[in-house]
Amino acid sequence: MSSESRLRSAAAQLGLDLSDLQLGRLLAYLELIAKWNKVYNLTAVRDPDEMLVQHLFDSLAAVGPLRRQAGGRPIRLLDVGSGAGLPGVVIAICCPEVRVDCVDTVGKKAAFIQQAAAQLQLPNLRGVHDRVENLEGPYDVICSRAFASLTDFVAWSDGALAEQGVWLAMKGKRPDAELAELPPTVQMFHVEQLQVPELSAERCIVWLRRRAGAGPAGSSR
């Protein structure tokens, strides 16, 4: 079964209606990662089959939940510790109404995002070389995938989150220990189980927001 056939099947399983152009861009993005990986070590996963599942399908699983959360409105999204652009680039390809900034402290990774935006013709995608603590936003959604503990994630990115914004943290198993350590100003309002096509491992999204009346933590830092 070809990569394109598997991608079409995965998108269908996830309830995503993607155009031929979007499917083509997703596969071209994967080829771009493989090409840059030879020099810049963007990701530890190098086998094409594993990249398809662990990078593309895994990131695609977050698109439906994000769309439901956004409710169809145009939003700004920040992907923290984006690395090769997962899930930020995938979201930018699938959701042209979402403005995606991928931030990474490693310059070559931010440069790769910029290259991907140019080659894949994604005007809604931008690579940012900086520390997330330095960004002001405001972003409606701040997401991460295997980036840091929930406590560190919200503490470092809080200053960039819009007043009514939410955090989207992609995790493996439900991280109960991390949830127990969240500061009292932050509320977990949903843990969404994900079914990633062709992947047997557990995946979930932890949705977080500030508690009512809690100002940005950045104002007290």
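Computed from a prediction, not measured in an experiment: that's the story for all the values here.

(A) Geometry of the pairing of strand S3 (residues 125–129). Summarising the sheet, strand S2 (residues 98–104) and S3 pair through 5 bridges and their orientation is parallel. Within S3, the residue paired with Cys102 across the bridge is Gly127. This β-α-β element, S2 to helix H6 (residues 107–119) to S3, shows right-handed connectivity.

(B) Highlighting the nonpolar core. Ranked by internal contacts, the top residues of the largest apolar core, which has 56 residues, are Tyr29 and Leu60. Ranked by the residues each element gives to this core, the list is headed by helix H2 (residues 20–40), at 8 residues. Sequence-distant contacts of Leu60, that is, excluding residues within four places in its chain, are made with Leu7, Leu14, Leu16, Leu18, Leu26, Val90 and Cys94. Leu78, Val154, Val191 and Leu208 belong to the second-largest nonpolar core, a separate cluster that totals 22 residues.

(C) Local environment of the environment of Leu66. With respect to the element layout, Leu66 can be found in helix H4 (residues 63–70). Here Leu66 falls in the buried class, since its relative accessible area comes to 1%. Between the C-alpha atoms of Leu66 and Ala111, which are 45 residues apart in sequence, the distance is 25 Å. Other than its neighbours up to four places away in sequence, Leu66 contacts Ile75, Leu77, Ile91, Val141, Leu168 and Trp207.

(D) Fine view of the layout of surface pockets. Space inside the largest pocket adds up to approximately 370 Å³. The wall of the largest pocket is formed by 21 residues, among which His55, Asp58, Leu86, Arg145 and Ala146 lie closest to the centre. For the lining of the largest pocket, the elements supplying multiple residues, two or more each, are helix H3 (48–60), strand S5 (161–171) and strand S7 (203–210). Computed from the structure, the second largest pocket encloses a volume of approximately 220 Å³. Only strand S4 (139–145), S5 and S7 provide two or more residues apiece to the lining of the second largest pocket. Of the residues assigned to the lining of the second largest pocket, the class counts are 4 nonpolar, 5 polar and 6 charged.

(E) A look at the pattern of salt bridges. If you walk through the whole model with that rule in mind, you get 13 salt bridges. Of the charged contacts, one joins Glu4 and Arg8 as a salt bridge, the two residues approaching to 3.2 Å between their closest N and O atoms. Of this pair, Glu4 and Arg8 both sit in helix H1 (residues 3–13), 4 residues apart, which is roughly one turn of the helix. On the basis of relative accessibility, which here comes to 39%, the residue Glu4 falls in the partly exposed class. Arg76 is paired through a salt bridge with Asp101; the nearest N and O atoms lie 3.6 Å apart. Of this pair, Arg76 sits in strand S1 (residues 75–80) while Asp101 is found in strand S2, placing the two residues 25 residues apart along the sequence. Asp101 matches Arg76 in its accessibility class, with the two residues each being buried. One network of salt bridges, in which partners are shared, links Glu4, Arg8 and Asp20.

(F) View of the environment of Val63. Secondary-structure assignment places Val63 in helix H4. Look at Val63 and you get buried, because its relative accessible area is 0%. For Val63 and Gly15, which are 48 residues apart along the polypeptide, the C-alpha to C-alpha distance reads 9.7 Å. In this structure, Val63 is in contact with Leu16, Val90, Ile91, Cys94 and Cys95, ignoring residues within four places of it in sequence.

(G) A look at helix H7 (residues 150–157). For H7, every residue scored as buried is listed here: Leu150, Phe153, Val154 and Ser157. All buried residues of H7 project into a common sector of 90 degrees when viewed along the axis, lining one side.

Definitions and limits used
Residues numbered from 1 in each chain as written. Predicted model: local features only at pLDDT ≥ 70, side-chain atom pairs only at ≥ 80, totals over all residues. Heavy atoms only, no water. Pairing = 2+ DSSP bridges. Helix = DSSP H or I, 4+ residues; strand = E, 2+ residues; numbered from the N terminus. Right-handed = clockwise from strand over helix to strand, strands pointing away. Core = buried A, V, L, I, M, F, W, Y, C linked by side-chain atoms within 4.5 Å. Buried < 20%, exposed > 50% of the residue type's maximum accessible area, 1.4 Å probe, protein only. Contact = heavy atoms within 4.5 Å. 1 Å grid on protein atoms, 1.4 Å probe; cavity = no way out; pocket = protein on both sides within 12 Å on 5 of 7 lines; lining within 4 Å. Points joined across faces, edges and corners; volume = space filled by probe spheres on them. Nonpolar A, V, L, I, M, F, W, Y, C, P; charged D, E, K, R; others polar. Salt bridge = Lys/Arg side-chain N within 4 Å of Asp/Glu carboxyl O. Arc of directions from axis to C-beta.

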